[in-house]
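Architecture and fold: a report
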Amino acid sequence: MADTSNLVRYRNDGDDFHILWTARRALRLLDPTSDLIGVSVEGVSEREVDGKELAAGLLVVDTAEYYGSQDIRQARLVVYCQLKYSTQDSATPWPVSGLADTLKGFAESFQEKASEFGTPEVLGKIRFQFVTNRPISANVLAAFEALRLGTRPDGLGNAVQKAREALLRETGLSVAEFQDFASLVQFLAEQPDRRNLTNLLALDARRVSLDSDATLRMKALVQAHTTSDKTRDKVIDREKVLVAFGVTSDDLFPAPAKLEPAESSFQRAQEKDIAAAILGAGWPVVIQAPGGIGKTILAQRLGHHMPPGSETILFDGFAAGDYRNRRSYRHSAACGVPQIVNQLAAKGLCDLLLPQIGLTAQTYLKELWRRLGQAAETVQAQSPDAVVLLIIDAADNLGMAAEDASESSFAEALLQDVPPPGCHIVALARPHRVEKYLRPRAEVIHIHLQPFTVAESGELLRTKFPEASDEQVTPFHHFTDCNPRVQANALRVASDLAALCESLGPTVETAETLVKGQLDSAFYKVLREQAVGDELYRLGAALAMLPPPVPLTTLAQASGLTEDAIRSFVADFANGRPILIRNDAVQFQDEPTETWFKDKFANATAHWENMADRLESSADTDAYVAAILPIVLHQAGRHDRLMELALGDAPPEAADPVERRAIVLQRVTYGLRVAASRGRTTDTAKLLVRAAEDVAADVRQVAFLNRHADMIGHLAAPEVVTEHVFRRRPWRDSGKAFIACAAMLSANPLGLPEARQYFRLAMQWLRDWAAERRAHPDDHSREGLSLRQSLSMRRFFPDWKGLKKWCVSLAAGRGACRSWRGVLWQGGCWTKVAKIFLRRYLPTKEPRFWSAWRSTRNWSSGASSRRLHQRCVCWKSSSSSPLPSNCLSSSMTAPFFLLSRLLPKRRCEPNARVSEFRSYWPVTRCRMNGHTPITIPEISETPFCGWHPWRRSWKGVSSP
């Protein structure tokens, strides 16, 4: 008994070795520099050869790795592996006899693929690997090498000659064939044992994730693909690995740059000096300059002045004004660090970083420092003088957003320590904001970017007007205040050189006067057309003070202007460049413009008070106004009214559940500020309790949204869906949420690309769930999901092209849904599918409904069909003679049975259901399987048998 038990344990050791080895290979899918796109487990990919199955040698393939594509014709490389592990004989070399089956299978696969694709193609992209913890016999290796090189057997030793003959005999290959075959075979012998492999897997996982369960997640992923449930889904791809860690591809780059390419860029006289100062600095560098001097252009050019082999990462802090968008904040370490690190990883300079909920800013910064060190070592290995340059453009804007959100900015944290060796950190900001928002250490180097020189002004002028003389350059340089932005704007609106020279002077036009002039011109135009009184200033105050993007309706209410007037203003202001309208909301994309608005309007308490008066009345009907009203009241000094809102019981009526909770928390947050500043401890305690209640409801609310995703997608605002899907990420807690996320996103045509991605992940999760359910039917600890629920979720996707075809395939049991055929009838789920078809296809006269329904009868064959026949609706002809028995098949009667279940269940005369049925029916006559057609009037005038839901029974009832 003991020996038998040990044999079972030894077999389990081998299985564990397989899982550990494959898990390490699957982790390489996350390497951005690798073209590995899939690892197949226990077999090969079904997509290897389109329309044809190459079965030779499949039994010896434990894993297959696909580089470039799963299609052999398009792949760069395909590697077939067999893994062997020995617990007791780990030091015993493998003889030819032990390798015979493996080599024979490899040889058969080689011959079949050579016949299919040609020998040159196979030699270029196919490899066979034998992986084991045991050594390979030296005679076997020598014989392989001799056959590969074409060495004559006369010069070989006796043992090697015997091994050579055995290899040819076992594989059945000729000497010439074996010479090609031997060049493809690789022996990976004496691999680490299980314990060391476990440690190596943990180290590999730790390099990309801080999740303490990373090793278990990878092992579970591979284990799930070793069962028979994955017969048609053997390949582990990158998305599956990411999902195993609770992230998606979008989470790897949460703050992409939104920089516009410079219209004309050339080397500044100061660039080389600034680059030299950066390279010579041991601490971070802050480059300061007023608006319009060219900080962003300099940030885009600094990398060109670094030593050869250097790498530059530019983080966009302004992001076309999105830095203030509360739904896409980028100032936190949880957002900024993954973006920076994964940009480095995409260049092959360091390890990837998978974001994880609950990590502190200190943890993220520690990982950033570690990976910056890795990147520096990587570039210096190629070029000793190379460096890694990290540039944070508009770092002060990140500090402003952090202050508004009562959080900390990672840009400030970067200026508090010495960068890793070989790395340099540069932050760009306006001078008056450095100490307020960045608060750098005293050791940080400060560099002031100067305005254009005369030569630089001339170079810019001649990019558009090459004929410009030095006499024309001088006034252009002087009257534009040497400011690149002022000069660029003057060139943009100038039709010719003479007109440009006439427009200059008589006073110097600074960036501030330029913005003011444009603003005045746009305002005057709006005033001439529509506005009266103070509407102009109210509009400016709303743009300056409200968090972007500001809906046009809110701006119209706050200013008193019409939406058309606001659109006209935006279009007229500097030709529509500094301000943009996106999705009927306004936001700045030019920082000098935003700064001008804030300096002129945001600091006036009167504007806040006026805005509070105009907006408060719509707080119950406008979710955006309800969300920003606490900010407005706090700035207006109306603390008593703010406390009333914070302590009030009634949430805003207009908001959906997600927005309502966010609004309540916003009110509580600002109420706590007021209560704490005034020493109102009782109110503070009440507000804390209320905040705790709202936070505790989050889990229940997420579950509600996921259950009703079809309604949320159509009824909630797009911003709410974005908030729920991309910021709250409900799928981290439950894979079922993938389906809900896809349903919400599919309601908006603009969200279809992301919806399709989540739908694919949902289908993958559903297949995994079904596989686990069948493999472990008694394991009640697994996440619950009935087959009825899984099928009913298909109704969430009515807007997708091709979904109807998928549903028909589901009903017919074709394609990828074939695995459901055996279980649908057992759970009564085929009726669920039929209900979906009736609800969706019948009112729209969908002809494929009938073909799909005829397919469902296959699920109700035999005794089940007879029972269904007994419970279905029966009709009689006008002569009271029964219809032919062959007409009462389940394929015909079941739709009527289900329709009676779908129609409103109320106590009424039976024929009321018939009249309702007629309103649903798309045609007056129907023909099922070639039977005699039945007209709708015939049905309504004949006795009717119906299902009585209140009696839970069938009973025949005659019409009046």
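If you're wondering where the values come from, they're calculated on a predicted model, not measured in any experiment. Counting restarts for each chain: residues are numbered from 1 in the order of the written sequence. In view of the model being predicted, local features appear only for residues whose pLDDT reaches at least 70, and side-chain atom pairs are presented and counted only at 80 or more, with totals across whole chains, interfaces and linings using the full set of residues. Hydrogen atoms and water are omitted, and side-chain values are computed over all heavy atoms in the structure.

1. A word on the sheet that holds strand 2 (residues 63–67)
Strand pairing is assigned whenever DSSP identifies at least 2 bridges connecting the two strands. Starting at the N terminus, helices and strands are each numbered in turn, a helix being any DSSP run of H or I of at least four residues and a strand any DSSP run of E of at least two. Taken in spatial order, the 6 strands line up as 5-4-3-2-1-6 in an open sheet, and their pairing is mixed. Each edge of the open sheet carries a strand with a single partner, namely strand 5 (185–188) and strand 6 (235–236).

2. What about the pattern of salt bridges?
Close approach of charged atoms allows side chains of opposite charge to pair. Note on definitions: salt bridges are taken to be side-chain nitrogens of Lys or Arg within 4 Å of carboxyl oxygens of Asp or Glu. According to the stated counting rule, one finds 33 salt bridges in the structure shown. A salt bridge links K219 to D16; the nearest nitrogen and oxygen atoms lie 3.4 Å apart. In this pair, K219 sits in helix 8 (residues 214–224) while D16 sits in helix 1 (residues 2–27), placing the two residues 203 residues apart along the sequence. Taking relative accessible area as the criterion, K219 reaches 24% and is therefore assigned partly exposed. Judged by relative accessible area, which is 16%, D16 ranks as buried. Where R206 meets E367, a salt bridge forms, and the shortest distance between an N and an O atom there is 3.4 Å. Pair noted here: R206 is in helix 7 (residues 194–208) and E367 is in helix 14 (residues 361–382), with a separation of 161 residues, a long-range link. Between buried and exposed lies partly exposed: a residue is buried under 20% and exposed over 50% of the maximum accessible area for its type, with that area taken using a 1.4 Å probe on protein chains only. Look at R206 and you get partly exposed, because its relative accessible area is 39%.

3. Quick word on the pairing of strand 2
In terms of burial, strand 2 is largely enclosed, as 5 of its 5 residues are buried. Because side chains alternate across strand 2, one face comprises the buried residues T63, E65 and Y67, and the other comprises A64 and Y66, equally buried. Strand direction decides the pairing type here: strand 1 (residues 36–41) and strand 2, joined by 5 bridges, are antiparallel. Each residue of the ladder has a partner; that of V41, found in strand 2, is T63.

4. Concerning the packing of aromatic side chains
For Phe, Tyr and Trp, where Trp contributes only its six-membered ring, two rings pair if their centres lie within 6.5 Å, and the inter-plane angle classes them as stacked under 30 degrees, edge-to-face over 60, or tilted in between. For the structure shown, the criterion picks out 13 aromatic pairs. Ring geometry for Y80 against F128: centres 5.8 Å apart, planes inclined by 25°, an arrangement best described as stacked. Of this pair, Y80 sits in strand 3 (residues 77–84) while F128 is found in strand 4 (residues 126–132), placing the two residues 48 residues apart along the sequence. We classify F128 as buried; its relative accessible area is 1%. Aromatic side chains F128 and F181 sit 6.0 Å apart centroid to centroid with 50° between the ring planes, which places their arrangement in the tilted category. In this pair, F128 sits in strand 4 while F181 sits in helix 6 (residues 175–182), placing the two residues 53 residues apart along the sequence. Owing to a relative accessible area of 0%, F181 belongs among the buried residues under this scheme.

5. As for helix 35 (residues 737–746)
Most of helix 35 is tucked away, with 10 of its 10 residues classed as buried. Along helix 35, the residues that are buried comprise A737, F738, I739, A740, C741, A742, A743, M744, L745 and S746.

6. Brief notes about the sheet that holds strand 12 (residues 550–551)
In space, the 3 strands of this open sheet follow the order 12-14-13, with antiparallel pairing throughout. Of all the strands in the sheet, just strand 12 and strand 13 (579–582) have a single pairing partner and so form its edges. Where strand 13 meets strand 14 (residues 585–588), 4 bridges bridge the pair, whose relative direction is antiparallel. The residue bridging I579 from the neighbouring strand is F588, located in strand 14.

7. Comments concerning the pairing of strand 10 (residues 423–429)
Judged by how many residues are buried, strand 10 sits mostly within the fold: 7 of 7 residues are covered. The alternating pattern of strand 10 places C423, I425, A427 and A429 on one face and H424, V426 and L428 on the opposite face, and all of these are buried. Pairing between strand 7 (residues 285–288) and strand 10: 4 bridges, direction parallel. By the bridge assignment, V286 is partnered in strand 10 with A427. As defined by bridge partners, strand 9 (residues 388–393) adjoins strand 10 across 5 bridges and the pair is classed as parallel. Bridging across to strand 10, L390 finds its partner in I425.

8. Some thoughts on helix 2 (residues 96–117)
In this model helix 2 runs 29 Å from its N-terminal to its C-terminal C-alpha over 22 residues, within 8% of the 32 Å that 1.5 Å per residue would give. Following helix 2 by one or two positions, G118 adopts a phi angle in the positive range, close to 100°. Multiplying one less than the number of residues by 1.5 Å gives the expected span of a helix.

9. Comments concerning the nonpolar core
Buried Ala, Val, Leu, Ile, Met, Phe, Trp, Tyr and Cys residues form a nonpolar core when they are joined through side-chain atoms within 4.5 Å. Of all hydrophobic cores here, the largest spans 76 residues; its most connected members are L354, L368, I392, F410 and L414. Per element, the largest residue contribution to this core is 8 residues, and it comes from helix 14. Residue ranges for the domains trace back to a domain assignment, done automatically or taken from a database. Here this core spans two domains, since at least three of its residues come from each of domain 1 (6–245) and domain 2 (252–448). Residues contacting L368, with those up to four places away along its chain left out, are V337, I340, V341 and L414. Whether two residues are in contact is decided by their heavy atoms: any pair within 4.5 Å suffices.

10. Topic: the environment of H446
Structurally, H446 is set in strand 11 (residues 445–448). Judged by relative accessible area, which is 35%, H446 ranks as partly exposed. For the pair H446 and V434, spaced 12 residues apart in sequence, the C-alpha to C-alpha distance is 9.9 Å. With residues near it in sequence (within four places) discarded, H446 still touches V286, Q288, V434 and P440.

11. Regarding the packing of helix 23 (residues 535–545) against helix 24 (residues 552–559)
Running from N to C, helix 23 and helix 24 point in directions that differ by 135°, and their axes come no closer than 8 Å. By the criterion of interaxial angle, the relationship of helix 23 to helix 24 is oblique. In this structure, helix 23 crosses over helix 24, and the sense of that crossing is right-handed. Touching E535, R538, L539, A542 and L543 of helix 23 are L555, A558 and S559, all from helix 24. Polarity classes work like this: nonpolar for Ala, Val, Leu, Ile, Met, Phe, Trp, Tyr, Cys and Pro, charged for Asp, Glu, Lys and Arg, and polar for all others, with Gly in that last group. When grouped by side-chain class, the residues that make up the contact of helix 23 with helix 24 number 5 nonpolar, 1 polar and 2 charged. Each axis is a line fitted through C-alpha atoms, and for a helix only the stretch in contact is used; angles between axes span 0 to 180 degrees, taken between their N-to-C directions. Put simply, angles under 35 degrees are roughly parallel, angles over 145 are roughly antiparallel, angles from 65 to 115 are roughly perpendicular, and the rest are oblique. The hand of a helix crossing depends on one turn: near helix anticlockwise from the far one by less than a right angle means left-handed, and clockwise means right-handed.

12. Looking at the confidence of the model for the protein
Confidence per residue, as judged by the predictor, is encoded in pLDDT with a range of 0 to 100. With 68% of its residues at a pLDDT of at least 70, the protein reaches an overall mean of 75. Taking the mean pLDDT of every element in the protein, the minimum, 33, falls on helix 45 (residues 936–940) and the maximum, 97, on strand 9. Throughout residues 795–830 the model reports pLDDT below 50, and contacts reaching past four residues in sequence, or to other chains, amount to 88 contacts.

13. Focus: unusual backbone geometry
In this structure, the amide linkage connecting P548 to the following residue, P549, adopts the cis form with an omega of -10°. Within the secondary structure layout, P549 lies in the loop between helix 23 and strand 12. One non-glycine residue with positive phi stands out, namely R439, at about 45°. Of note, R439 is situated in the loop between helix 17 (431–438) and strand 11. The exposure class assigned to R439 is partly exposed, which follows from its relative accessible area of 42%.

14. Points about the state of the cysteines
Disulfides are defined as cysteine sulfur pairs within 2.5 Å. Under the definition given, this model contains 0 disulfides. Sulfur of C350: no disulfide; nearest cysteine sulfur belongs to C423 and is 9.9 Å away.

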